[in-house]
Structure formats: C-alpha cells, structure tokens
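# Coordinates in review
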Amino acid sequence: MENFYKLSAFEIREKILKGEIKSEDVVKDIFERIEKIDNKIGSFVNLRKEKALAEAKIVDEKIKNGEKVGALAGVPVAIKDNMVSEGDITTACSKILSNYTGVYDATAVKKLKEADAIIIGVTNMDEFAMGSTTKTSYHKETKNPWDLEKVPGGSSGGAAASIAAQEAFISLGSDTGGSIRQPASFCGVVGLKPTYGRVSRYGLMAFASSLDQIGPIAKNVRDIALCLNVISGSDDYDATVSSREVPDYTEFLGKDIKGMKFGVPKEYFIDGINENVRKVIDEALDKFRELGAEIVEISLPHTKYAVPTYYVIAPAEASSNLARFDGVRYGYRSENIKDVNDLYVNSRSEGFGDEVKRRIMIGTYVLSAGFYDAYFKKAQKVRELIKEDFDRAFEQVDMIFTPVSPNTAFKLDDKKSPIELYLEDIFTISANLAGIPGISIPAGLADNMPVGIQLLGKPFGEGELIQAGDAFEKIRGEWKLPNLD
Ligand code: GLN
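Notes on the structure follow. (Residues numbered from 1 in each chain as written. Predicted model: local features only at pLDDT ≥ 70, side-chain atom pairs only at ≥ 80, totals over all residues. Heavy atoms only, no water.)

Attention now goes to the overall build of the protein. When you go through the protein residue by residue, the secondary structure sums to 15 helices and 11 strands. With the C-alpha coordinates of the protein rotated into their principal frame, the extents come out at 65 × 55 × 45 Å. Total accessible area computed for the protein in this model is approximately 18600 Å², and 49% of it derives from carbon and sulfur atoms. Taken as two groups, the 62 positive and 73 negative side-chain charges of the protein have centres that lie 1 Å from each other. (Helix = DSSP H or I, 4+ residues; strand = E, 2+ residues; numbered from the N terminus. Areas by Shrake-Rupley, 256 points an atom, 1.4 Å probe, with all protein chains shown as cover. Lys, Arg positive; Asp, Glu negative; His and termini not counted. Charge placed at Lys NZ, Arg CZ, Asp CG, Glu CD.)

Moving on: helix α7 (residues 221-231). When you tally the buried positions in α7, you get nine out of 11 residues, the bulk of the element. For α7, the full list of buried residues reads Val221, Asp223, Ile224, Ala225, Leu226, Cys227, Leu228, Val230 and Ile231. Following α7 by one or two positions, Gly233 has its phi on the positive side, about 115°. (Buried < 20%, exposed > 50% of the residue type's maximum accessible area, 1.4 Å probe, protein only.)

Moving on: the pattern of salt bridges. A full pass over the atoms with the stated rule returns 25 salt bridges. Note that Lys15 and Glu20 form a salt bridge whose closest N and O atoms lie 3.6 Å from each other. The exposure class assigned to Glu20 is partly exposed, which follows from its relative accessible area of 48%. Taking the shortest distance from any N to any O, the salt bridge between Arg329 and Asp326 comes out at 3.1 Å. When its relative accessible area of 10% is taken as the criterion, Asp326 is described as buried. Through salt bridges that share partners, Arg48, Lys51, Glu55 and Asp88 make up one connected network. (Salt bridge = Lys/Arg side-chain N within 4 Å of Asp/Glu carboxyl O.)

On to the packing of aromatic side chains, then. In the structure shown here, the tally under the stated rule is 21 aromatic pairs. Of the aromatic side chains, those joined through ring pairs into one cluster are Tyr100, Phe128, Phe325, Tyr330 and Phe352. The ring of Phe410 carries the charged tip of Lys416 above its face, separated from the ring centre by 4.7 Å. (Phe/Tyr/Trp six-rings, centres within 6.5 Å; stacked < 30°, edge-to-face > 60°. Lys NZ or Arg CZ within 6 Å of the ring centre and 35° of its normal.)

Right, let's talk about the nonpolar core for a bit. Ranked by internal contacts, the top residues of the largest apolar core, which has 155 residues, are Leu112, Phe262, Phe288 and Phe401. In terms of residues, this core owes the most to one element, helix α9 (residues 306-321), which gives nine residues. If sequence neighbours within four positions are ignored, Phe401 has contacts with Phe262, Gly263, Val264, Pro265, Phe269, Ile281, Ala284, Leu285, Phe288, Ile453, Gln454 and Leu455. Judged by nonpolar contacts, the second largest core, of five residues, contains Ile37, Ala161, Ala165 and Leu484. (Core = buried A, V, L, I, M, F, W, Y, C linked by side-chain atoms within 4.5 Å. Contact = heavy atoms within 4.5 Å.)

The next thing to look at is the pairing of strand β6 (residues 213-218). Within a regular strand, side chains alternate between the sheet's two faces. Most of β6 sits inside the fold, with six of its six residues counted as buried. Of the two faces of β6, the one carrying Gln213, Gly215 and Ile217 and the one carrying Ile214, Pro216 and Ala218 are both buried. As paired strands, strand β4 (residues 170-175) and β6 are joined by six bridges and run antiparallel to one another. By the bridge assignment for β6, Ser174 is matched with Ile214. Pairing analysis gives two bridges linking strand β5 (residues 190-193) to β6, with the strands arranged antiparallel. The partner of Val190 across the bridge, within β6, is Ala218. (Pairing = 2+ DSSP bridges.)

The next subject is the sheet that holds strand β1 (residues 44-47). The 11 strands are arranged β1-β3-β2-β4-β6-β5-β10-β11-β9-β7-β8 in an open sheet whose pairing can be described as mixed. Of all strands in the sheet, those with a lone pairing partner are β1 and β8 (294-298), marking the two edges. Here the strands of the sheet are splayed against their neighbours by 30° on average, with no regard to which way each runs. As paired elements, β5 and strand β10 (residues 438-446) share three bridges and run antiparallel to each other. Looking at β10, one finds that Leu192 is bridged to Ile439. Packed onto the sheet, helix α2 (residues 23-41) meets β1, β2 (76-80) and β3 (118-123) and runs at close to 20° relative to β3. On the sheet, helix α12 (residues 372-396) packs against β7 (261-265), β8, β9 (399-403) and β11 (449-457) and is oriented at approximately 115° with respect to β9. (Axes fitted to C-alpha atoms, helices over the stretch in contact; angles between N-to-C directions.)

Once that is clear, we can look at the site of the ligand. Every one of the 15 residues lining the ligand counts as a neighbour, but Thr176, Gly177, Ser179, Tyr310 and Arg359 are closest to it. Gly131 places a main-chain nitrogen or oxygen 3.0 Å from an oxygen atom of the ligand. Between an oxygen atom of the ligand and a side-chain N or O atom of Ser179, the distance comes to 2.6 Å. For the shell around the ligand, a count of residues per class yields five nonpolar, seven polar and three charged. (Near = heavy atom within 4 Å. Polar contact = N/O pair within 3.5 Å; in protein donor to acceptor, adjacent residues only side chain to side chain. Nonpolar A, V, L, I, M, F, W, Y, C, P; charged D, E, K, R; others polar.)

Let us now look at unusual backbone geometry. The amide bond that connects Gly154 to the next residue, Ser155, takes the cis arrangement and shows omega of 5°. You can see Ser155 is positioned in the loop between β3 and α5 (157-164). A positive phi angle is found at Cys93, which is not glycine, with a value near 50°. Within the secondary structure, Cys93 sits in the loop between β2 and α4 (107-114). Positive phi, normally seen in glycine, also occurs at Asn448, with a value near 65°.

So, on to the environment of Glu420. With respect to the helices and strands, the residue Glu420 is situated in helix α13 (residues 418-423). By relative accessible area, Glu420 is classed as partly exposed at 42%. Looking at Glu420, its side chain comes within polar contact range of the main-chain nitrogen of Ser417, at 2.8 Å.

What follows covers α5. The buried count for α5 comes to eight of eight residues, which makes it a mostly enclosed element. The set of residues buried in α5 consists of Gly157, Gly158, Ala159, Ala160, Ala161, Ser162, Ile163 and Ala164. Structurally, α5 contributes buried residues whose contacts are with α2, β1, β3, β4, α6 (181-187) and β6. Trailing α5 by a residue or two, Gln166 shows a phi angle of about 55°, which is positive.

Attention shifts here to the environment of Asp425. Structurally, Asp425 can be placed in the loop between α13 and α14 (429-434). Taking the C-alpha atoms as reference points, Asp425 and Gly178, 247 residues apart in sequence, are found 6.8 Å from one another. Once residues lying within four places of it in the same chain are set aside, the contact partners of Asp425 are Ser132, Gly177, Val307 and Tyr311. A distance of 2.6 Å separates polar atoms of two side chains, one belonging to Asp425 and the other to Tyr311.

Right, dumping it as structure tokens:
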C-alpha cells in the first residue's frame, strides 16, 4: 500500500474527492502507522479504529454515489482528550475522569464529524491541560518524535506529536496559555490558537474559561486553514462565541505580503533566549524582509507582568471550574468514605494529580475574601493593561512577530520546578490574556531540534496570519518531519 500518511490533509482530501483513493484505505494506512510507531511515541490515549473504519466506508459510499460531502471528507483527524465525543472515553488525562464516557459531541467535534472528517482517536495531554510537558498526564508520557528523550511540549503534547510522527493529518488542541503553539514549536509542526470566541468551547473540559480556545495543529498552514473553516463560527451552546462571519480561510493562501507591517516587540527579545534559537528567529525575520514585509520595533510594556497575571487568573478560574468534580455527579469516587466530607475530600485528593491540586490551591487562595482585591482583582486590571498594549501596537502594525519559546524541547527527565516551567510560557501567555490569535510555524533547527516562530494577529485576524504563515513556508522551503521507521 502507498504510504498515505506522508501526505498533507489537503492532498489526502483531494485524492479522496477525486475518487483516486478510498478513505477506508487511508484510515487503514494511518492505523498501520500508529500500530507501528505509537508504542515509541505515545501520542494517543484512546483509539477509535472500528468506528473510524466504519465511518470511512460511509464517506466512500457517499462519494461513490455522487452525494455531497463535507470539507474534510474522509480525512483522519485526532482530538485532544479534553473534548467530549459521544460514546468515546474522554478523561482530560485525569484519574478523576478515567471512567468517563462522553454523552454528547463537543461543538468542534460535531463540526468535524459534519465535515465528514474521520476521528481516529484521542491524544495525550497534561492533566486538565495544566502544564507544558504532557508529563502531568495520568495515563503516560509522550515522547518528542524528534528526540525520544525529550518532551513534546504541552499541554497538547500528544496532539503535536501525532502530527510530527505522521499518525494523523490534523489534530485539535486547546490553548489556554500556549498549549497549542508551544508543543507545535517543540515538535516542528504548525499550530494555531484562534481569537477568543472564534471557535466554540462547548464540550471542551474547562480549564480557564476566559482564556481557553480550541485550535488545529497540522503539517502546514494550508491544512490549518482547511480545518479552521470547519471548526469556526457561532454556536447556540456557547455564549462567548462570536457570530461574526467565518471567511474562507483558504482564500488567504498564496497571497503576497508586500508592505505588510510586522511589529517586533523589544520586550520579547530578552537575554534568556537560547542563542541557537535566537539565530533561527533572526533568520526567519530576514525572510519576512525578503518577502517585502516592513519590520518595525514596537513596545508591549506590560509583558513582564503576563506570567504572574496568568498564574493568578488561570488557577482562579480553574479552581472554580474543577469544583464540579466532587465524586458525586460523575467521575472517580473514593472507596475510602465514612461521611460526606470524606466523599468530597478523598475523591478529589485521590483523583487529582499534584499540578492540578497546586492550581486549585492557588486559585482558591487568590479568590478568597481576604486576598481577592490584592490578587484576583489586581490581575484583572493588569490583564486589561496587557490587552491595551496590543490594541496600541495594532494601531501601528498588521501583526506581531515573536519567538514561541525561549528554548527548544527539554529532556523528559529534566527536573524543572513549577516556577521554571511557568516562566517558559512568557511568549505565549499574553495572546490568551488579550484574546488575540497566534500561530506557531516551524522556522528551522537549533541543536537538531525544531524552533517555531510566532505571529500574533489582530482580533479575528486569523486570515492574515494564514496569509503570512503560508508565504513564510514557501520561502522557508520544504520541512522534513523526522523519520521514525
Ligand atoms: N503551560 C501553560 C499552563 O501550564 C498553558 C497551558 C495551556 O495552554 N493549556 O497553564
């Protein structure tokens, strides 16, 4: 059989639509790939092989009969373990949900299904999306396909690894403070965090509701555009979703970017950036110059407050969102119960991992009566200042260019403290606080590991990010994923 897994989502879709290949064969090929390599990588925590094959046959039948099919007809895609899918186990990679089966489809998942995509499985992540290594998953570790001793990043580490290891064509991730962009950068693939409100969060297990967004991870920008077309748009089940019209994002492909103005924030080019990462970033900026973009220095003066602000707001919202896991309604219940207090305390103590507990404690602390004004309220104010920094910048420039992470992927056994890990989020977190879109695109290698660049856009400026990202990919040239055979 031909190795379909090496193609892009766009190419697979074209071939399926033309009737050159059958979705069923593509699904078989992708499972062959997964069965061969996923014991090394660990991208998936659950697979839907039988269901996927049956669904692929239905799509093939529709195409054979000349019926209308959706925009991702027959294309194998993966979803992160925090998006519910009816009848499938969804655990947020937590013990507390280890026995939970989805009773409905998250809107993004429903839209994929309606677009005739084939959901092949569910990918590994940090527990409740809290982390940047995928190591806090209750189930297992995921390895970086570029170096099996390194982390894939997180929290959507399984999603990014599944694309880098060519085990799926598109993988949905979620991003609260960088969880799509950072693993995409660490794994040498493309990841887009849409504007807050572009994609419905209905059925996404909430971490920090004012920051969370679902977005696609794929091999290239074109596939990102294809998927964004499908998952974006209004939803009666999520009041925070914008009813703004969804453009055809593929129309932004192949356009030049001459005269586009890129802002480079001086606060993002700090000493802490690894020297070889810096080189790749600088070369990428030169490529944008070659493409005719105008590069200007800008200032986002409140950048240094982004990490502390996020680590007040995100845990505060998390502590509230996670209150629903109490051993009563669903999920894990402790067996060690004498009274109702034990039911709550022991179910939660046994069901949550350390990082989740740490965030619940920080969150309840900053929301408590005595500290609310000093921490939570203050953080909300600083959040507004961070947002205003971007508003001001976007009066001058069309988009903002930054690194994704100060370093490439680190070793799995690297014992970083929680604070050290939180500080690594410095370049991704502000976009969530401001609600703006960001894309991470592989730019080159530093010490044989991929380095991503980040483009941040105006609210609902995903089209321009896709336009600039696609132009960049063309000038950068072919991007080879690691050979895992
Ligand atoms: N690394 C960040 C955190 O630990 C971001 C996580 C995310 O975006 N879900 O909270």
